[in-house]
Amino acid sequence: MSVDRIIVKVAVPTPNRILFDYCIDSTLNNDKKRGPLRPGSRVIVPFGKRSIVGIIVSLVTQSTVENTKLKSIAEVIDSEPIIEEHHLNFYLWSANYYHHPIGDALFKMLPSNLRKGFPIPKTTTTCWKIDDTSDYPRDKIRSANQIKLLDRITVKNYETDENLSLTFGRSTISALVKKKVIIKVEKASKDLTLANLPIEKQMPKSLTKEQLKVFTELSSQGFSCNLIDGVTGSGKTEIYLQFATTVLKANKQVLILVPEINLIDQITKQFTDRFNLKTIVFHSNISDKERLKNWTQARNGDAQIIIGTRSSIFIPTINLGLIVVDEEHDQSYKQQDGFSYSARDLAIQRASNEKIPVILGSATPSLETIQNCKKNKYKYLEMTRRISNTNPTSWKFIDLKTEIITNGISSFAIDKIRETLKKGKQALIFINRRGYAPALICNACNKAIECSKCDSKMTLHKAQKKIICHHCDYSALIPNRCPLCDNTLTAIGSGTERIEEYLESIFNKTTIVRVDRDSARKKYFMKDMNEKISQGGPCILIGTQMLAKGHDFKHITSVFVLDTDAELFHPDFKSQERLGQLLTQVAGRGGRGISSSEIFLQTYYPNHPLLEKLTNGNYKEFLQEIGKEREITSMPPFSFVTLIRANSVNEKNVVDFLNLVKKMVELVEPQSPQNQYLGPIPSMLEKRAGRYRYNFQIKTHTRSKMHILLTKLIEQLSKTKSFSNVRWSIDVDPIEL
């Protein structure tokens with residue numbers, strides 16, 4: 001190997017599970033303007049017949065690639081690493097834990113503009129200040145404009161170049177620069193907008209005894225994982241705010257994770273109302289340009305408070321002091337496709353790496369989190385009372401076997417809604433199904449209109465005049481007749497649109513607001529909705545699970561769950577836990593003001609033992625019962641599960657591939673009570689977007705055994721070339737089987 005070249009291992013955004021070796025000439029490596037290359041820098045490299053962006057992961061002295069076959073780096077993009085060493089180590093750990101191709105994982109952790117090779121934007125502002133070292137006599141300055149400019153800078157200490165140019169002109173600035181009276185400085189945005197202001201702009205609220213007890217148990221020193229198990233309305237957010245104050249006063253940054261975009265506005269307002277500090281948001285609904293700008297401000301320390309959804313766990317920070325994972329139980333924290341990471345679990349790992357506290361907050365903690373508290377891995381902190389001191393929500397059943405049902409709503413529910421509105425209060429109608437109706441059925445042949453690409457029915461969306469597949473987003477105009485026998489069609493079942501239409505026909509003088517993914521696409525919809533509801537007065541709120549978490553509605557006193565049984569008999573191992581969390585969270589939207597609330601569950605099984613436990617107001621007992629079942633069946637968190645997911649346009653190819661996986665796994669570790677294998681088995685939705693989907697399940701009793709097995713399996717699969725038409729991925733700790 002020639003001594004004037006250095007070898008770098010580069011990650012590129014491909015499904016390949018390896019790093020690629022490139023060489024770089026020493027002249028390029030020791031560029032005086034840039035300095036030597038370091039891991040975390042982006043480069044342009046030749047890859048096949050094209051040039052692509054890569055990230056340097058390490059520098060080595062030897063390569064397994066022959067010297068004559070080593071390609072050279074074409075260009076170095078960054079003058080310094082965009083990813084610092086400790087962040088890069090965290091990213092690499094994450095990719096390795098989830099056994100995802102390292103290059104693909106690294107690039108998914110970056111804003112899209114950085115993946116394309118765009119430079120990191122400048123986040124400072126050019127300003128001018130008095131040059132304290134200048135010996136030019138001030139009394140020799142005769143220009144009135146120059147004197148006024150100097151007076152302004154003297155009063156404010158510095159002023160932006162833009163403001164001075166607009167007021168005094170570029171020639172005035174140039175004249176003073178020539179006289180060496182003023183000098184140029186770069187200022188961070190926080191120094192310009194929030195300089196000399198106290199950290200808090202609003203006094204903190206007085207804590208209840210329960211809140212104070214929890215708050216005093218939290219420590220900002222070193223790593224700790226703290227679960228705040230607080231009933232809805234118990235004041236978890238105020239604890240986040242007050243503990244964040246402690247961290248922010250130590251000049252550290254705070255990262256707040258929320259499960260869904262629709263919760264961003266509310267929690268951002270709570271933090272910006274409290275603090276005179278730069279606060280940024282990070283989620284998929286902001287532009288690529290703004291995402292990169294916010295990412296950079298967090299990385300440079302210009303932003304002290306970062307609020308975002310799951311991908312925010314990868315935002316680099318300069319001095320992170322606290323991570324908060326609100327609604328820690330929410331399955332939205334798990335990425336379902338591609339790089340299948342859990343933002344909650346990575347938050348705990350990142351906090352451990354950076355030796356800082358992490359807070360998990362929920363009114364319905366997940367079974368795995370409770371289990372970790374029992375093992376003393378996490379600190380358990382409990383709040384059992386609402387701040388408002390209202391009575392706990394009263395749970396009641398509506399037995400559908402004895403009710404008249406119209407468009408999914410019982411006559412009893414209609415009467416109760418009418419009572420609520422007469423009292424000047426608000427009602428929430430929960431149905432976790434958007435659209436007008438989940439199926440269009442032929443009146444003659446009884447066939448449903450199905451998606452041509454999926455094993456699913458098309459959902460009628462009356463407002464959009466379309467039928468839409470909720471799995472692959474395929475859409476078509478609403479057919480007038482059955483495509484098979486040319487007879488009439490009937491919409492079966494109810495979604496949010498149909499419920500809205502039906503209630504508007506009954507309560508035509510009442511404000512009715514529908515909240516689902518379709519309505520929330522409008523800009524500022526969630527903000528406007530929250531403002532409308534917070535004004536009080538009779539109102540009906542209809543929505544999906546978007547309404548079930550985080551929202552603080554003070555005037556809702558009646559909650560109606562229309563389809564309680566949907567998850568009760570769902571075959572997935574977590575379905576009953578999800579049902580308990582969902583119902584408890586929905587119930588928590590009521591009674592948050594001065595009035596108590598009721599929740600009515602429409603069900604055909606009012607005597608179901610799990611529902612009885614839940615409706616007695618004891619989520620703990622409900623979770624314990626589920627925990628016993630999981631332990632008996634040796635399911636997570638009492639075992640460790642990984643899915644090998646595979647899909648192809650050819651069903652036989654998928655099955656053959658996973659049968660090969662099964663043989664490989666059994667060669668590495670034969671099946672036993674400690675290592676159990678299942679499959680190939682079809683996914684819950686076997687065909688999606690024209691591709692057949694199957695899984696192979698691996699279950700072990702130790703995490704280390706799982707990772708050893710997966711590492712060896714991947715090594716074997718990397719040598720297999722006969723299934724190029726099959727896409728496969730690994731889902732460690734899946735939330736759905």
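Above: the structure in question.
Residues numbered from 1 in each chain as written. Predicted model: local features only at pLDDT ≥ 70, side-chain atom pairs only at ≥ 80, totals over all residues. Heavy atoms only, no water.

**So, the overall build of the protein chain**
So the rule is basically this: Helix numbers and strand numbers start at the N terminus; a helix is a DSSP run of H or I with at least 4 residues, a strand a run of E with at least 2. With the radius of gyration taken over C-alpha atoms, the globule rule is written as 2.2 Å times the number of residues to the power 0.38. Relative accessibility decides the category of a residue: with a 1.4 Å probe and only protein chains considered, values under 20% of the type maximum give buried, values over 50% give exposed, and everything between is partly exposed. Contacts were defined at the residue level, with two residues in contact if any of their heavy atoms lie within 4.5 Å. To be clear on the numbers: accessible area is Shrake-Rupley with a 1.4 Å probe, and residue cover counts the displayed protein chains and nothing else.
Of the regular secondary structure elements, the protein chain holds 22 helices and 33 strands. Relative to the 2.2 N^0.38 estimate, which gives 27 Å for 737 residues, the radius of gyration of the protein chain is 30 Å and therefore close to what a compact globule would have. The principal-axis extent of the C-alpha atoms belonging to the protein chain is close to 95 × 70 × 60 Å. Residue burial in the protein chain is summarised as follows: out of 737 residues, 52% are buried. Of the contacts made within the protein chain by residues no fewer than 6 positions apart, 74% connect residues no fewer than 24 positions apart. With an accessible surface of roughly 34,500 Å², the protein chain has 50% of that area assigned to carbon and sulfur atoms.

**Structural notes on the sheet that holds strand S23 (residues 466-468)**
Note the following rule: Each pair of strands is called paired provided DSSP finds at least two bridges between the two strands. Working convention: axes come from line fits to C-alpha atoms, limited for helices to the stretch in contact. Angles between N-to-C directions cover 0 to 180 degrees.
Spatially, the three strands line up as an open sheet ordered S22-S23-S24, and their pairing is antiparallel. With partners counted over all chains shown, the strands left at the sheet margins are strand S22 (459-461) and strand S24 (475-477), one partner each. The average angle at which neighbouring strand axes cross in this sheet is 30°, direction not considered. With three bridges connecting them, S22 and S23 associate as antiparallel partners. The residue of S23 that forms the bridge with leucine 460 is isoleucine 467.

**Points about the pairing of strand S4 (residues 50-60)**
Pairing of strand S3 (residues 42-47) with S4 involves six bridges; the strand directions are antiparallel. Across the sheet, isoleucine 44 pairs through a bridge with valine 53, a residue of S4. From the end of S3 to the start of S4, which pair antiparallel, there are two residues, and glycine 48 there has a positive phi angle of about 65°.

**Notes on the side chain of asparagine 113**
Mapped onto the fold, asparagine 113 is located in helix H4 (residues 112-115). Leave out the neighbours within four places in its chain, and asparagine 113 touches Phe118, Asp288, Lys289 and Leu292.

**Thoughts on the packing of aromatic side chains**
The relative placement of two aromatic rings is captured by the distance of their centres and the angle of their planes. Rule in force here: Only Phe, Tyr and Trp rings take part, Trp by its six-membered ring, and two of them pair if their centres are within 6.5 Å. Stacked means planes under 30 degrees apart, edge-to-face means over 60, and tilted covers everything else. Either the NZ atom of lysine or the CZ atom of arginine qualifies as a charge over a ring when it sits within 6 Å of the ring centre and within 35 degrees of the ring normal.
Applying the stated criterion across every chain yields a total of 19 aromatic pairs. Relative to phenylalanine 339, the ring of phenylalanine 314 lies with its centre 6.2 Å away and its plane at 25°, an arrangement referred to as stacked. Of this pair, phenylalanine 314 sits in the loop between strand S13 (305-308) and strand S14 (320-326) while phenylalanine 339 sits in the loop between S14 and helix H13 (343-354), placing them 25 residues apart in sequence. Residue phenylalanine 314 shares its accessibility class with phenylalanine 339, and that shared class is buried. Each residue in the set Phe90, Tyr91, Trp93, Tyr97, Tyr98, Phe314, Phe339 and Tyr341 is aromatic and connected to the rest through ring pairs, giving one cluster. Over the ring of phenylalanine 282 we find arginine 291, and its NZ or CZ is 4.4 Å from the ring centre.

**What to know about empty space enclosed by the protein**
Condition: Grid points spaced at 1 Å over the protein atoms alone were grouped into cavities, where a 1.4 Å probe fits but cannot get out, and pockets, open sets with protein on both sides within 12 Å along at least five of seven lines, with lining residues defined by an atom within 4 Å of a point. Grid points are joined across faces, edges and corners, and a volume is the space filled by probe spheres set on the points. Think of it as three bins: nonpolar holds Ala, Val, Leu, Ile, Met, Phe, Trp, Tyr, Cys and Pro, charged holds Asp, Glu, Lys and Arg, and polar takes everything else, Gly as well.
Under the counting rule described, the total for this entry stands at one cavity of 30 Å³ or more. When its volume is computed, the largest cavity comes out at roughly 40 Å³. Forming the boundary of the largest cavity are Tyr97, Phe640, Val641, Thr642, Arg703, Met706, His707, Val732 and Asp733. Put simply, the parts of the chain that give the lining of the largest cavity at least two residues each are strand S30 (640-648) and helix H22 (703-717). The residue makeup of the lining of the largest cavity, split by class, is five nonpolar, two polar and two charged.

**A closer look at the sheet that holds strand S10 (residues 224-230)**
Through backbone hydrogen bonds, the strands of a sheet pair up, either in parallel or in antiparallel fashion. Ordered by their spatial adjacency, seven strands build an open sheet running S12-S13-S11-S14-S15-S10-S16, and the pairing between neighbours is parallel. At either end of the open sheet lies a strand with only one pairing partner, and these are strand S12 (279-282) and strand S16 (379-383). Neighbour-to-neighbour, the strand axes of this sheet turn through a mean angle of 20°, independent of strand direction. Bridge count for strand S11 (residues 253-257) against S14 is five bridges, and the pairing is parallel.

**Here's the deal with the nonpolar core**
Stated precisely, the cut-off is as follows: Here, nonpolar core means buried Ala, Val, Leu, Ile, Met, Phe, Trp, Tyr and Cys residues that are tied together by side-chain atoms lying within 4.5 Å of each other.
Leu106, Ile313, Ile323, Met529, Leu541 and Ile698 are the most contacted members of the largest nonpolar core, which has 110 residues in total. The contacts of methionine 529, once residues within four sequence positions are left out, are Val513, Val515, Leu541, Leu547, His551 and Phe553. Of all hydrophobic cores here, the second largest spans 27 residues; its members include Val214, Ile228, Tyr240 and Ala244.

**Details of a nonpolar patch on the surface**
We count it as follows: Each patch is built from residues lacking any salt bridge and having more than 30% relative accessible area; the joining distance is 9 Å for like charges and 5 Å for nonpolar side chains (Val, Leu, Ile, Met, Phe, Trp, Tyr). For this analysis, a salt bridge means a side-chain nitrogen from Lys or Arg found within 4 Å of a carboxyl oxygen belonging to Asp or Glu.
Taken together, the side chains of Phe569, Tyr604 and Tyr605 present a nonpolar region at the surface, about 340 Å² in accessible area. Mapped onto the elements, tyrosine 604 comes out in the loop between strand S29 (598-603) and helix H19 (609-615). With relative accessibility at 41%, the residue tyrosine 604 sits in the partly exposed group.

**Looking at helix H20 (residues 619-632)**
Worth spelling out the cut-off: Helix span, as expected, comes to 1.5 Å for every residue beyond the first. Arc definition: it is the arc formed by the directions from the helix axis to the C-beta atoms. N or O atoms closer than or at 3.5 Å make up a polar contact, with two conditions inside protein: a donor-capable atom paired with an acceptor-capable one, and, for residues adjacent in sequence, both atoms drawn from side chains.
In a regular helix each residue adds 1.5 Å, so 14 residues correspond to 20 Å; H20 covers 20 Å between its end C-alpha atoms and thus fits that length. Taken together, the buried positions of H20 are Tyr619, Phe622, Leu623, Ile626, Gly627 and Arg630. Angular distribution of buried residues about the axis of H20 spans 135°; they occupy a single face of the element. Opposite its buried face, H20 presents the exposed residues Lys628, Glu631 and Ile632, each directed more than 90 degrees away. Contacts made by the buried residues of H20 are with helix H14 (367-374), helix H18 (575-587) and H19. For H20, the capping residue at the N-terminal end is asparagine 618, with a side-chain oxygen 3.2 Å from the backbone nitrogen of lysine 620.

**Considering the packing of helix H5 (residues 144-156) against helix H7 (residues 170-178)**
Rules: Convention used here: angles under 35 degrees read as roughly parallel, angles over 145 as roughly antiparallel, angles from 65 to 115 as roughly perpendicular, and any remaining angle as oblique.
Orientation of H5 relative to H7, taken along the N-to-C sense of each, is 80°, at an axis distance of 10 Å. Here H5 is positioned roughly perpendicular relative to H7, judged by the angle of their axes. Packed against H5, whose contacting residues are Asn145, Gln146, Leu149 and Leu150, the element H7 presents Thr172, Ile173, Ala175 and Leu176 at the interface. When its residues are assigned to classes, the contact of H5 with H7 shows five nonpolar, three polar and no charged.

**What to know about the pattern of salt bridges**
Applying the stated rule across the entire model yields 36 salt bridges. Notably, a salt bridge pairs arginine 433 with aspartate 563, separated by 2.7 Å at the nearest N-O pair. Residue arginine 433 is located in the loop between strand S20 (426-430) and strand S21 (439-442), and its partner aspartate 563 is located in the loop between strand S28 (556-561) and H18; the two are separated by 130 residues in the primary sequence. On the basis of relative accessibility, which here comes to 31%, the residue aspartate 563 falls in the partly exposed class.

**Some points on the side chain of arginine 578**
Along the chain, the position of arginine 578 falls in helix H18. A polar atom in the side chain of arginine 578 sits 3.5 Å from the backbone oxygen of isoleucine 735. The residues touching arginine 578, leaving out its near neighbours within four places in the chain, are Gln331, Glu567, Asp572, Ile735 and Glu736.

**Some thoughts on the environment of leucine 381**
The residue leucine 381 is located in strand S16 in this model. Overall, leucine 381 belongs to the buried group, its relative accessible area being 6%. Put simply, leucine 381 and glutamate 217 are 164 residues apart on the chain and 8.0 Å apart in space, counted from C-alpha to C-alpha. Residues within four places of leucine 381 in sequence aside, it is in contact with Val214, Glu217, Leu218, Asn226, Leu227, Ile228 and Asp229.

**A closer look at the state of the cysteines**
Note the following rule: Any two cysteine sulfur atoms lying within 2.5 Å of each other are counted as a disulfide.
Using the criterion set out here, one finds zero disulfides in the structure. Cysteine 442 supplies the cysteine sulfur nearest to cysteine 445, a cysteine that is in no disulfide, at a spacing of 3.5 Å.

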